[in-house]
Structure formats: structure tokens, C-alpha cells
Amino acid sequence: MCKMWILPLFLAMIIPVQGNEVKVLTLRLSHVDSSIGYTEDGVINVMAGKDVTIEVIGVGLEEDSLIILSTAKMDAGDDCGQSNGTLLQTKHFKLKKGLSNYAINLKNEDIIYSSSQDTYHVCVKVGETFVHQGVNAEVSIKFYSRLMPVWLMIVLVTLLLCLSGLFSGLNLGLMALDQTELQIVIKTGTESEKSDAKSIMPVRALGNFLLCSLLLGNVLVNNTLTIMLDALTGGGGLIAVIGSTCGIVIFGEIIPQAVCSRHGLAVG
């Protein structure tokens, strides 16, 4: 990933500025996480609705130089205002001096996301004209949306927690009773216990298959829950790990096993 911006940075140091030439050589993220990063082609990739700081490296740039982002696909040096067709364009951004380079801060309300026009390119103001910097990967920013709406992801996370508790409870409720105990219950238990034991007997007869199925389902649900929480929180994984651990321990282990330890036959 470092190679994507080291070469343009090196060029910015060795290429002399000719007259009033202003040119953006590359864009670079100040940090990356699960929702902000780079594509395989080296294009900055940002989830729509996220705030992001982008470092701007070039020649002839100054603090308070104006930049706009546009979905217009033009050659480097063209006038961004002369683009034909429907396009999306941001407000003017002033370059601010960062720790090592100039930077712009993009807020979630600054970008209009469209799946048909998801890649923005840089236009820098030279004189009275905004000059397009081309469509190369190093001067482009791609935006993407979540695969699912937030409300649906919340519903799925809740469902996964319930399934985690179900698998954990069934593991205790079914595996705690062997076939001999079930036969005793069928002969000496109450009518409801006899009915429950008769229903469980065919499933419990396949003990190894039952155990493997419950463990596989539990692991699959727990792993999926962590991934869904990470996508929902958009963090670097820490919130998802802590949230899934607390949720699984409380709702997927303690509560279902406390219930099934007393009512294992009925639950099974």
C-alpha cells in the first residue's frame, strides 16, 4: 500500500515547478480502518456517510488553495466547468496544512452518493478555472454504500443472538440426557414428560451427528455475529469483538444454559 503514494511523493520532490504550474500528484489517507481504505487498484475507497481526512500531495499547492471533487471523467488539464452530461460535484474545499502535507476534511454531508457515479476526481483552482487532474487511481476517490440498511443489520444481529442462545441451550438440553434416561422417563414420567422424551428419542439416538450439528451451528452463528457487528459499527474491530463477546456470554451462554439446566427435557 505504501508504494501507491511513495512514487508520487518522490516525484513531487524532484519535479521543478514551472512558473505558476499547479498539479495534484496523489491523494493519501491519513488513516485506514474497516470502512476507509484502498481498492486493489490503489483508489481511495470510503464508505458513504463517513468523515475522512485526505492528504493532498502535489506541486504548486498552497494553504487555502481551492479544490473540488467531481464525477466528471476528463483529461488532465481540462476545465472542470466544461464537462457535458449529468455529474455530481462537491463544494469548494480549502487546503489546510497538516503534519506533513496539505489535507482536506470530507464530512458525510459533503458527498452525494450515487451507485452510478461513485468515483470522484480532483479539480484544483488555477487562476479563475478549476483544472481537472485526470482519472488516474492516485487522484480518485471511490465511495460505496452498506450492503444492507442499518435496521436490517440490527434485526439480523438480534436474530443471531437468539440462534446462539438456542444452539447453546439445545446442546445442554439434548446432550445432558442419554437414551437410558429417556427410556426411564417414557415409562415413569408424567404425560408431558413422556411426550417430550418420545420426541427427543429419535434425535438423541444420533448422538455424534447431533453434537457436531449443534457445535457447528453455534460456531457459525457466533462468527457471523462478530462480522455483522463490525459492519454495523464501522469500527476497526474492537467494538465488534467486545460487543459480540458480551452478547454471546450473556444471551448465548448464561441465560439459555440457566434455563435449560432446569427445563432440559422440555427445551429439547
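Residues numbered from 1 in each chain as written. Predicted model: local features only at pLDDT ≥ 70, side-chain atom pairs only at ≥ 80, totals over all residues. Heavy atoms only, no water.

### Topic: the side chain of Asp110
Thinking step 1. Of note, Asp110 is situated in the loop between β8 (102-106) and β9 (119-126).
Thinking step 2. A relative accessible area of 11% places Asp110 in the buried class.
Thinking step 3. In terms of polar contacts, Asp110 uses its side chain to reach the backbone amide nitrogen of Lys107, at 2.8 Å.
Thinking step 4. Residues in contact with Asp110, not counting those within four places in the same chain, are Thr90, Lys91, Phe93 and Asn105. (Helix = DSSP H or I, 4+ residues; strand = E, 2+ residues; numbered from the N terminus. Buried < 20%, exposed > 50% of the residue type's maximum accessible area, 1.4 Å probe, protein only. Polar contact = N/O pair within 3.5 Å; in protein donor to acceptor, adjacent residues only side chain to side chain. Contact = heavy atoms within 4.5 Å.)

### Comments concerning the environment of Val59
Thinking step 1. Tracing the chain through its elements places Val59 in strand β4 (residues 52-59).
Thinking step 2. Separated by 34 residues in sequence, Val59 and Leu25 place their C-alpha atoms 7.5 Å apart.

### Here we look at the environment of Ser65
Thinking step 1. By the element assignment, Ser65 lies in the loop between β4 and β5 (66-70).
Thinking step 2. Of the residues examined, Ser65 reaches a relative accessible area of 15% and is grouped as buried.
Thinking step 3. Sequence-wise, Ser65 and Val126 are 61 residues apart; in three dimensions their C-alpha atoms are separated by 8.8 Å.
Thinking step 4. Those residues within four positions of Ser65 in sequence are excluded, and the remaining contacts are Phe93, Lys94 and Leu95.
Thinking step 5. Polar contacts involving the side chain of Ser65 include one to the main-chain carbonyl oxygen of Glu62, which spans 2.8 Å.

### Comments concerning unusual backbone geometry
Thinking step 1. Even without being a glycine, Asp64 presents a positive backbone phi close to 80°.
Thinking step 2. Inspection of the secondary structure puts Asp64 in the loop between β4 and β5.
Thinking step 3. Residue class for Asp64 comes out partly exposed when judged on its relative accessible area of 41%.

### What to know about the sheet that holds β4
Thinking step 1. Spatially, β1-β4-β8-β7 is the arrangement adopted by the 4 strands of the open sheet, whose pairing is antiparallel. Each edge of the sheet is formed by a strand with only one pairing partner; in this case those strands are β1 (23-29) and β7 (96-97).
Thinking step 2. Here β1 pairs with β4 via 6 bridges, running antiparallel. Within the sheet, the bridge partner assigned to Leu27 lies in β4 and is Val56. (Pairing = 2+ DSSP bridges.)

### Points about the state of the cysteines
In protein chemistry, a disulfide is the covalent bond that joins the sulfur atoms of two cysteines.
Thinking step 1. Across all of its chains, the model carries 1 disulfide by this definition.
Thinking step 2. Sulfur-sulfur distance for the disulfide between Cys80 and Cys123 comes to 1.8 Å. Here the disulfide of Cys80 and Cys123 is left-handed, its torsion about the S-S bond being about -90°. On the criterion of sequence distance, the pair formed by Cys80 in the loop between β5 and β6 (93-94) and Cys123 in strand β9 is long-range, its members being 43 residues apart.
Thinking step 3. Residue class for Cys80 comes out buried when judged on its relative accessible area of 5%. (Disulfide = S-S within 2.5 Å.)

### Structural notes on the pairing of strand β3 (residues 44-47)
In regular strands, side chains alternate between the two faces of the sheet.
Thinking step 1. The two faces of β3 match: Ile44 and Val46 on one face and Asn45 and Met47 on the other face are all buried.
Thinking step 2. In this sheet, β3 lies alongside strand β2 (residues 36-38) in antiparallel orientation, the contact comprising 3 bridges. The partner of Tyr38 across the bridge, within β3, is Ile44.
Thinking step 3. Hairpin connection, β2 to β3: the antiparallel pair is bridged by 5 residues, and Gly42 has positive phi, about 90°.

Take it as geometry only, folks, not as evidence of what the structure does.
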